[in-house]
Every structure is written in C-alpha cells, then in structure tokens.
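Below, each chain spelled out in residue letters.
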Amino acid sequence: MIEDDLRAAFARHEPLAPPAGPVRAAIARLVAVRRRRRRRLRAGGAALALLALLGVGIPQFTPDRVAEDATLLTEPGRRAPTGALNVLLLGVDSRGDQVPPLADSVLLVHIPADRGRPFLVSLPRDLEVAIPGHGRDKLNAAAAYGARVDGGLDLVRGYELTRRTVTDLTGVRVDAGAVITYPVLRQLTDLLSGVEVCVPQRIRSSHTDRVFPAGCQHLDGRASVDLLRQRRDLPDSGFDRDRNAQRFAAGLIRRAGEQGVLHDPVRLSRIVAEIGPDLSVATTGGSLLDLLQVVPELASVEPVGLNLPVAESTKGGHWVLRPDPKAAPVFLAALREDRLAQWTAQHPERVTRLR
C-alpha cells in the first residue's frame, strides 16, 4: 500500500520536474569553468615563482597575500603585458646600515616580445658610465650614491639611481627590478635544498680557501654566496664573476622547476613569505601582477647568458672599462630592438655556457 502511494505521488509530481538536459549542461559548464580556473591558478603560481626566484618578489609577502594575489591572476579581465620586458637585478654585498652598498653584479633580464627564451645580460660593475647627478664613475657606484640618506641607507633609492644609469646607458625601459643581498641568496638557495652550478674551471675561494672543481656541483647557500663573491685569480676576473652569476641564476630556476616549486603555490607562498621582508623591489609604470603573467608564455625558462661587449683602457693612469666602440653599439641596438635572438645566432662565441 505504501509503495503504491509513493508511485502515485511521483506520478503526480513528475510533470513539475525540470528537464534533466539543461541541468546536466549547467553542471558541465560549472565544472569546465572550475577546471580553467585551476589551470590559470597553476600558471599564475608558476609565474609568481619564477620571477620571485629571479629576484622580482613582493616585499613583506605573507602566505595569505600570496594566495590573494595568485587568485587575482586568475581574473578573466587581467591581461598580460605585451612587447619586450626588462627586469634589472642588483646583487649587493651589503655590509651594514652605515656602509654604502656596491653592486657586485648588475644583471638585466630581457624577456623578448615573442616570449622565447629570456636573456641574462651582465653589465660589468667596473664599466665607466655617466651617473645622473654624480658625473662619470664605475657602474657599481650608482647604488652607493643613490642609497645614501641622512642617518642610514635606502637600497631602493640605490636601485633607482642604478636604473636611471642603466636606462641612459642601454636606451631600454626597465619595467621592474630588485636589490638582492647575499643573505637573501643564501636563504633562498637553502630553501630549495641547494642549487647545481656548472663552472668551466677550478676556482679557489680567496675568502674561505674552499675549492670549487671544474664541472657541475651541488652547492648550499653558503657555498653559493662564496662562489658568487669570487673574482680574484679568475682568468677574466670580474667578467668570470658575471658569468658565474648567470650560471647560478640558471641553476636556481632549473632547481625550482625540478622540485615542482613553479607549480606549487603553497610551497611558493612559504618561500616568498620567508625571503620577502629582506627583498627590496621596484616596478615602473605597471602592476607587478601583470608582469608575472608573462612567464607561463615563455617557450623555455632556460636563459641565454650574455655580456655587454667592452674594451679596456686607461684614464689618468687608472684602468677602466668602456663599451666596445664597435661591438657595443650593435649589441645595444639589438637589445633595444628586441633582436637578441638574431644577434646571438650571429655571435655564438659571446654566449655564456651555462651548463
């Protein structure tokens, strides 16, 4: 009897039920939207990780802030910037609040408009340049001049004066940048459980007597900083230090990819939260979130290492470096016109071997 009553009730209400087809279609659309959102979030996490590891982090990030900004990257209305992009990284040996910092490494990361491989362009620290408001001096002095403030130092102001100097030298717009101290590099390397760096010759540290054999080796944070500080007794002195900085940056990115950090927003948030308060960053004319979106578009994150062509000369009895009068203008024109891929194909001997 109860079963008959139930059948009769279902029969009376069946005409009132909505068709199943549209409901199933709506559910399918919702599932598709969520899948696309997860894919965009993973892409946003990868972008955030890669530029953070290159030095373009966001200061004082917390895990909640990282999650919030990763979510913002999934917004359908947010568009990635177009055209070539340039990121300026300064490696600084900071020795306290009262000693002006000198930029041991000046690295311009060029991301081409076609989103091919990025280029790591080293600018020699001893290059004689015009520093706005301070006449002519070595490039690494720009950070020291700019950082001096009453009662202390401001690394961001040091970066800003260096950015203006590099812009005047190269003729390219700098879209973002960072000042990276050795403590930050040491901490970041250890958070990734070390980095593989490949050097072409045996290197003995003038600071610790540690020996880095020729070939590839796995280095922790302390050893990595020790290697990056070396220029004495190297065949090409500061040029070799610049090339080793390129090799370290390439190994750092490679290590992050191997460990899955580029696709793990949770681990990424922990890393950025730890190094963020010690990382000074700057952007020019745009949102950093917009810049972060270009990384998933890159054909490869394996960079190409290059050095600005220079020539040695003497001035008043002092040794200085100047842009090579023949090679540098051609190189800088290729940089400004986003033709570095063609330039490197024509000058393979000037490409740094990173592995």
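All values reported here derive from a predicted model rather than from experimental measurement.

**A word on the overall build of the protein chain**
From N to C terminus, the protein chain includes 12 helices and 17 strands. A buried classification covers 48% of the 355 residues belonging to the protein chain. For the protein chain, contacts bridging at least 24 residues in sequence account for 67% of all contacts bridging at least 6. A total of about 17600 Å² of accessible surface is found on the protein chain, and carbon and sulfur atoms cover 52% of it.

**A look at the packing of aromatic side chains**
As enumerated under the stated definition, the model contains one aromatic pair in all. Here F331 and W343 contribute two aromatic rings whose centre-to-centre distance is 4.8 Å and whose plane-to-plane angle is 75°, an arrangement assigned as edge-to-face. Placement of the pair is F331 in helix 11 (residues 327-336) and W343 in helix 12 (residues 340-346), with a sequence separation of 12 residues. Classification of F331 as buried rests on a relative accessible area of 0%. Relative accessible area serves as the criterion here: at 4%, W343 is assigned to the buried category.

**Some details on the environment of G91**
Mapped onto the elements of the fold, G91 is located in strand 1 (residues 85-92). Assessed through its relative accessible area of 14%, G91 is described here as buried. Expressed as a C-alpha distance, the spacing of G91 and I180, which sit 89 residues apart in the sequence, is 5.0 Å. Setting aside chain neighbours within four positions, we find G91 in contact with L102, A103, D104, S105 and I180.

**Observations concerning the pattern of salt bridges**
What the rule picks out here adds up to 12 salt bridges. Between E196 and R355 there is a salt bridge; the shortest N-O distance is 3.9 Å. One end of the pair, E196, is in strand 9 (residues 195-199); the other, R355, is in the segment after strand 17 (351-352), with 159 residues separating them in the sequence. Relative accessible area serves as the criterion here: at 33%, E196 is assigned to the partly exposed category. Salt-bridge contacts for D240 lead to R243; the nearest nitrogen and oxygen are separated by 2.9 Å.

**Focus on the layout of surface pockets**
Of the volumes computed, that of the largest pocket is approximately 250 Å³. Along the walls of the largest pocket sit 13 residues, with D93, D104, R125, R231 and R241 positioned nearest its centre. Of the residues in the lining of the largest pocket, the class split is two nonpolar, three polar and eight charged. There is about 210 Å³ of room inside the second largest pocket. Every residue along the wall of the second largest pocket is listed here: F239, R243, N307, L308, P309, V310, A311, E312, E349, R350, V351 and T352. Going through the elements one at a time, helix 8 (238-258), strand 15 (310-315) and strand 17 are the ones with two or more residues in the lining of the second largest pocket. Within the lining of the second largest pocket, the residues separate by chemical class into six nonpolar, two polar and four charged.

**Some details on the packing of helix 7 (residues 221-228) against helix 8**
Put simply, helix 7 and helix 8 touch, their axes get as near as 9 Å, and they point 150° apart. By the angle between their directions, the pair helix 7 and helix 8 is classed as roughly antiparallel. Between helix 7, through S224, L227 and L228, and helix 8, the contact on the second element is made entirely by R241, N244, A245 and F248. Taken together, the residues of the contact of helix 7 with helix 8 break down into four nonpolar, two polar and one charged.

Parameters and conventions
- In this convention, every chain numbers its residues from 1, walking through the sequence in written order.
- Totals for whole chains, interfaces and linings use all residues, but because this is a predicted model, local features are given only for residues with pLDDT of at least 70 and pairs of side-chain atoms are given and counted only at 80 or more.
- Note: side-chain values were computed over all heavy atoms of the structure, leaving out hydrogens and water.
- What counts as a helix is a DSSP run of H or I of at least four residues, what counts as a strand is a run of E of at least two, and both are numbered from the N terminus.
- Relative accessibility under 20% of the residue-type maximum defines a buried residue, over 50% an exposed one, and the middle range a partly exposed one, all with a 1.4 Å probe and only protein chains included.
- Between two residues, a contact is recorded if the distance between any of their heavy atoms is within 4.5 Å.
- Reported accessibility uses the Shrake-Rupley method at a 1.4 Å probe radius. Residues are deemed covered only where the shown protein chains occlude them.
- Planes of paired rings set the category: under 30 degrees apart is stacked, over 60 is edge-to-face and the rest tilted, where pairs are Phe, Tyr or Trp rings (Trp by its six-membered ring) whose centres lie within 6.5 Å.
- A pair is scored as a salt bridge if a Lys or Arg side-chain nitrogen falls within 4 Å of a carboxyl oxygen belonging to Asp or Glu.
- Here a cavity is any set of points on a 1 Å grid over the protein atoms alone where a 1.4 Å probe fits but cannot get out, and a pocket is any open set with protein on both sides within 12 Å along at least 5 of 7 lines; a residue lines the site when it has an atom within 4 Å of a point.
- Grid points are joined across faces, edges and corners, and a volume is the space filled by probe spheres set on the points.
- Residues are grouped as follows: nonpolar covers Ala, Val, Leu, Ile, Met, Phe, Trp, Tyr, Cys and Pro; charged covers Asp, Glu, Lys and Arg; every other residue, Gly included, is treated as polar.
- Angular values range over 0 to 180 degrees, each being the angle between N-to-C directions of two axes fitted as lines to C-alpha atoms, with helices fitted over their stretch in contact.
- Orientation is classified from the angle alone, with under 35 degrees giving roughly parallel, over 145 giving roughly antiparallel, 65 to 115 giving roughly perpendicular, and any other angle giving oblique.

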